Amino acid sequence: MQDMTPSLAVVADWDASLRAVDDFLGTGDVDRARMQVKQLLHSSEHSLSELNRAHALLRLAYCDLLSSKTSRAYEAARSAASMFHEANSAADEVSATALVALCAARLGRSVESVETALAAVYLAEDQPKGSWSARAHLSLAVAYAWAQSFAK
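The model shown is predicted, which means the values in this text are computed figures rather than measured ones. (Residues numbered from 1 in each chain as written. Predicted model: local features only at pLDDT ≥ 70, side-chain atom pairs only at ≥ 80, totals over all residues. Heavy atoms only, no water.)

Now for the environment of A136. Considering the arrangement of structural elements, one finds A136 in helix α7 (residues 131-151). C-alpha of A136 to C-alpha of A117: the two residues are 19 residues apart in sequence and 6.3 Å apart in space. Discounting residues that sit within four places of it in the chain, A136 has contacts with V94, A98, A117, A120, V121 and A124. (Helix = DSSP H or I, 4+ residues; strand = E, 2+ residues; numbered from the N terminus. Contact = heavy atoms within 4.5 Å.)

What follows is the structure, given as structure tokens:
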């Protein structure tokens, strides 16, 4: 039986590649971020764990949101949140759920946005504090703001 565990070099390359994507997203270079994620997915297509696939999908969702492809971002973020849930990666699930809430707000689904953001906040409360906590609370603030806008 062949060992399917990725080598440490592959894991380090994967982590470095995701950090590069995050850096591109942080500077607004969406095209390079998308290209990097797609290359990463293509190069490790057969050996990719579901958790790594979810991380890549979440980055693609951010790329889509920043490119005003909100429906596509919404679907990708929902898929990533589900995959993180299945993988018991709660902090990542919080981040993905918060992104779902942001996308729902942009799509005019104010009730869904608030409910999803509240779910992200509740999920975050069971985790140690981190960037995911901030994402959850920010998504709730945005959801409430957009809900008020649509109510008017």
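Resuming the write-up.
Among the nonpolar cores identified, the biggest contains 17 residues, and L58, F84, A96, L99 and C103 are the most heavily contacted of them. Among the elements of the structure, α3 (50-66), α4 (70-86) and α5 (90-106) are those that each provide at least two residues to this core. At eight residues, the largest contribution of residues to this core is made by α4. In contact with F84, not counting residues within four places along its chain, are L51, A54, H55, L58, S89, D92, E93 and A96. W14, V21, F24 and V37 belong to the second largest nonpolar core, which has 13 residues in total. (Core = buried A, V, L, I, M, F, W, Y, C linked by side-chain atoms within 4.5 Å. Buried < 20%, exposed > 50% of the residue type's maximum accessible area, 1.4 Å probe, protein only.)

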